[in-house]
Amino acid sequence: MHRTARRLLPLALVAGVACDKGLAPIPGLVGIRGTVTFAGAEPANTDGVFIIAYHTFPHTTADLYSFVPSPPLQSLPRPFTGSYSYTIGVPNGRYEWVVAVWKRVGLLIPDNLEEAGFYRDQAVPTEPGIVVVNGTVTDAIDFVIDFDNMHPVCTYIPPCPP
Amino acid sequence: MTRRFALPLSLLAALLAVPRLAAQRTAVVYGSVRDSGGQPLRATVTDVATGLRSFADNQGRYRLSVAPGRTVVRVAHIGYASVFDTLTLGSADSVERNYFLRPAAVELQPHVVVTAAKRSQLLDQAVTSVAVLEQPDIARRAVTTVDEAVDKAPGVQFLNGQVNIRGSTGYVQGLGSRVLLLVDGVPANQGDRGGINWDLVPLDRVERVEVVKGAGSSLYGSAALGGVVNLITREIPPGFHARVRATGSLFSNPPHDVWRFRDYTGAREGIDVTGSYGTDMFRGSYSAGGWHSDGYREQDRQNHWQTGGKGEWRAAPGTVVTASGSWASDQYQVPLLWCAGPGSCDDRGQAYQPFMIDQSGRGAHTRSDKGYLTATLDRTPSPRLALHARASWLRTHFIDFQPGNNDFGVANRVGAELRGNLSPTSSQDVTVGAEGARSDVTSDIFGNHSQTELAAYGESERGVGSARLTAGARIDFLAVDGGSLTAVVSPRVGGVLPTARGAWRASIGRGFRAPSMAERFPSLAVGPFSVIENPGLTPETAWSFELGNTTRWSGVVRSDGALFWTEAYDLIEPHVDATRGQIQFRNVAHARLAGLDLALDATPLTRLTTSLAYTFLYSRDLALDSALAFRPTHLLTLAADYRWGRFGAGGDFRYSSRFGRVELYPDDPRVDAKVLDLRASWESGPFAARVLLTNALDYIYNLVPRTLAPVRTLSVTLTWTY
């Protein structure tokens, strides 16, 4: 029986190697948190308003879909008035554009999307602010969602239709 | 009559001719099979010439009808050395033969396979790699479904029900399997989606599984691009037999309190009943059963019901008419994706909750019914000629119930085949045949469409010196909705050379897969995207090369190694058009899959059997210049079983390296898969009890996006056999 035990030892060793438990809880959210303040009136054909983040500012239509968090996305809850404290889960990394996207009812195509507000650089408010996420929630990413001052995708990725 | 129809019609005429042999009397061999300690063995007793089999019962008793004359009988049981016995019997003779088998490692693989060349051949003479799971091995593992039984075969990996042979398919959510499923040689992939319903055949009806690796389209046509899995159902023994199998399982609760999602322990319970009765001329079996499962995660309940039967008419020695069928119904909740991100479930402050589902999928469930009917006629008019004809009907029907939207699909696949296996000389075997199939679908998401496939094939194997060379080809004609024909030619050449250093084999063959109707004609919404049709899809193709060796070392070790290389073209993949918000299946990918497949079986001690299977896989999407998604570089399976009288104990360990690339959620945490299964068994007369602890380490992992793989599960199976 000792010989048997010796010959089974390699199997036991292999099993021992497997003693980690695989995936584990990741306590606390890793992501971006802040408050959005709504301005203007919600357009009648609104499907939803989504907050997403880009590692790099999108320059092409294909880039436009390289956002996090991954679908399915959930719209901010109605009513789109006052202010709302949002949280999105995103991986660690550096984000060049944290933006609120307004979506018209219909397919997820650029024609149905408009930028409704984004997190701004504190020193140069006309420019997007950089957000760094590193193992926890990066807080105070606050900005305004202004339904009266939205910009279609072609503003950033031309050309715009005549 | 034109020449092109001459062969199939002559085959048909030969098959339909009622043999005068029916009037002849048969001879009978009967007796018992035991091990060297006197314990009865449920061994297989085979007439080598005709392939007809008898299975010993729990007392080791068997009864085999054979044709009068000289007969070679093979008595085999996994883990034991086979016995070959040559008998000369007169008409109506009845001879008792009792056999005793010795334990041996070299018998861990059976000698005869039927799938690699569409005829019986010695395993060592197959030009491609074949992995075989015999019924005792399946029973020993105490698994309850067919996919669980196939999952641990060397080079095979299941991704949420989708089978991969040497990384063939990856994961495409059940669509378009690049592996062909056969049930007793009859194609059984879904008519609409091209996927596989692994619950189509109850595991209790399966006698043996053969997994042929690499392109098999030269004999099997579409879908055999990456390999073929053939489920061979049990033969029906003479006399009355019955079997009752009851299974109960408990699922482990989540290992962390923060992941708890219910306040009770989930369970699974089921029962199968099988009865059969056979005479020398007529045999029939019927089985029924079902099970219920709470599932191991949220929204994962499932009910399953199944029934099936098989009837045989042995019209004469060498002539068997078989009819078989099966029907299964599943009602299951759809767990969809696990919850990740704030607000998508009760996240409890966690980045993700692997046991909970995203609330967008709450309430989704599916009803899936499927069944098949098959009739076959096998005639062996002489030792040099065997004829086979079959007709089959496969039907699937699903209804997806989703919040605010239900989808349905009804698909049929009707097929027929005529085949002849000839041995014009003692050193040559020729297989020729013709096959036809028609699939149709009626669905709100795939529309109403049909696809017709017509094919002819031939393959010859010839001995040249000590080597055996094989060459053959198949031509398939495909037509969709009655449109123009697309022709696909799939050749294969190969050879086997026995040497002092084992048997060497080499082969190169072409495989293809016709686009499924679900890939051609989808019309549905997936989240914010619309999936649109692409009627212009063409078949995806692949060239597969293999160089392998099988060697027996010192009588207790057997090795099988193979280098493989597959070059795949026009692979059908979903293409996202962000500008239009559309997804469309297109012929886009050019891929390379190459690597090493190694299997070792050994019996270092009389009662101990061990095996090791390792696959190294290099996979590359050459169009994107990146790794292919959902393919592990390393896949390792270790197994050991110790048998002591009526008791047995063993285990499997499966390691699958972390995927280099995944789709949909590349940023999600992912790990290697390390799964240890432990088992124990006890047998006494008609009773057997088996205990199985799957994923004993309760290793938490996922292989497909945001879909938790099964957790630790304790199962007890009790079987009574009469």
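Quick look at the structure, then. (Residues numbered from 1 in each chain as written. Chains lettered and ligands numbered in written order. Predicted model: local features only at pLDDT ≥ 70, side-chain atom pairs only at ≥ 80, totals over all residues. Heavy atoms only, no water.)

## Topic: the overall build of chain A
A tally of regular secondary structure across chain A gives two helices and eleven strands. Within chain A, the proportion of its 162 residues that are buried is 41%. Counted over contacts in chain A with a minimum sequence separation of 6, partners at least 24 positions apart contribute 75%. Here chain A displays about 8400 Å² of accessible surface, and carbon together with sulfur accounts for 60% of that area. (Helix = DSSP H or I, 4+ residues; strand = E, 2+ residues; numbered from the N terminus. Buried < 20%, exposed > 50% of the residue type's maximum accessible area, 1.4 Å probe, protein only. Contact = heavy atoms within 4.5 Å. Areas by Shrake-Rupley, 256 points an atom, 1.4 Å probe, with all protein chains shown as cover.)

## Notes on the sheet that holds strand 6 (residues 83-89) of chain B
All names here are of chain B. Ordered in space as 3-2-5-6, the four strands form an open sheet in which the pairing is antiparallel. In this open sheet, the two edge strands, each paired with only one partner strand, are strand 3 (53-55) and strand 6. Pairwise comparison of adjacent strand axes, ignoring direction, gives a mean angle of 20° for this sheet. (Pairing = 2+ DSSP bridges. Axes fitted to C-alpha atoms, helices over the stretch in contact; angles between N-to-C directions.)

## Structural notes on the state of the cysteines
Residues and elements named next belong to chain B. All chains considered together, the criterion is met by one disulfide over all chains. Sulfur-sulfur distance for the disulfide between Cys-339 and Cys-345 comes to 1.8 Å. Across the S-S bond of Cys-339 and Cys-345 the torsion is about -70°, and the bridge reads as left-handed. Across the pair, exposure class does not vary: Cys-339 and Cys-345 are buried alike. (Disulfide = S-S within 2.5 Å.)

## Considerations on the interface of chain A and chain B
Facing the 35 residues of chain A at the interface are 42 residues of chain B. Taken together, the two surfaces of chain A and chain B that pack against each other cover about 3200 Å², and 68% of this comes from carbon and sulfur. Seen at the junction of chain A and chain B, the total is zero salt bridges. At the junction of chain A with chain B, the criterion picks out six residue pairs in polar contact (both at pLDDT 80 or more). Taken together, the elements giving at least two residues each to the side of chain A that touches chain B come down to helix 1 (2-17) and strand 4 (83-89) of chain A. Residues of the side of chain A that touches chain B, tallied by class, amount to 23 nonpolar, eight polar and four charged. (Buried area = accessible area lost by both parts, 1.4 Å probe. Salt bridge = Lys/Arg side-chain N within 4 Å of Asp/Glu carboxyl O. Polar contact = N/O pair within 3.5 Å; in protein donor to acceptor, adjacent residues only side chain to side chain. Nonpolar A, V, L, I, M, F, W, Y, C, P; charged D, E, K, R; others polar.)

## A look at the pairing of strand 5 (residues 69-76) of chain B
Residue and element names in this part refer to chain B. In terms of strand pairing, strand 2 (residues 44-47) meets strand 5 through four bridges, oriented antiparallel. Bridge pairing in strand 5 links Thr-46 to Arg-74. Of the pairings in the sheet, the one linking strand 5 to strand 6 comprises seven bridges and is antiparallel in character. Each residue of the ladder has a partner; that of Val-75, found in strand 6, is Val-83.

## Some remarks on the environment of Ile-109 of chain A
All names here are of chain A. Here Ile-109 is to be found in the loop between strand 6 (97-104) and strand 7 (113-118). For Ile-109, a relative accessible area of 16% corresponds to the buried category. In the structure, Ile-109 is positioned 24 residues away from Val-133 in sequence and 28 Å away in space, judged by C-alpha atoms.

## Observations concerning the pairing of strand 32 (residues 502-513) of chain B
All names here are of chain B. Note that strand 31 (residues 486-499) and strand 32 share eight bridges and pair antiparallel. Residue pairing in the sheet places Gly-494 in a bridge with Ser-507 of strand 32. Counting the residues that bridge the hairpin from strand 31 to strand 32 gives two residues. Pairing of strand 32 with strand 35 (residues 540-553) involves eleven bridges; the strand directions are antiparallel. Directly across from Ile-508, in strand 35, lies its bridge partner Phe-545.

## So, unusual backbone geometry
Along the chain, Arg-78 of chain A connects to Pro-79 of chain A via a cis peptide bond; the corresponding omega equals 0°. Considering the arrangement of structural elements, one finds Pro-79 of chain A in the loop between strand 3 (67-68) and strand 4. Following Pro-158 of chain A, the chain continues into Pro-159 of chain A via a peptide bond in cis, with omega recorded as 10°. As for its position among the elements, Pro-159 of chain A is in the segment after strand 11 (151-152). The backbone phi angle of Lys-118 of chain B is positive, close to 60°, even though this residue is not glycine. With respect to the element layout, Lys-118 of chain B can be found in the loop between strand 9 (112-113) and strand 10 (121-122). Positioned with a positive phi, Gln-299 of chain B is a non-glycine residue whose angle comes to about 50°. Examined against the element boundaries, Gln-299 of chain B turns out to sit in the loop between strand 20 (282-293) and strand 21 (302-316).

## With respect to the nonpolar core
Judged by nonpolar contacts, the single largest core of 30 residues is most densely connected at Ile-138, Val-156, Trp-198, Val-209, Val-211, Val-229 and Leu-231 of chain B. Secondary-structure elements contributing two or more residues to this core are strand 11 (130-134), helix 3 (146-151), strand 12 (156-159), strand 13 (162-165), strand 14 (179-183), strand 16 (206-213) and strand 17 (227-233) of chain B. Once residues lying within four places of it in the same chain are set aside, the contact partners of Leu-231 of chain B are Val-146, Leu-181, Leu-182, Val-183, Asp-184, Val-201, Arg-208 and Val-209 of chain B. Listed in part, the 26 residues of the second largest apolar core include Ile-88, Ala-100, Val-131 and Phe-147 of chain A. (Core = buried A, V, L, I, M, F, W, Y, C linked by side-chain atoms within 4.5 Å.)

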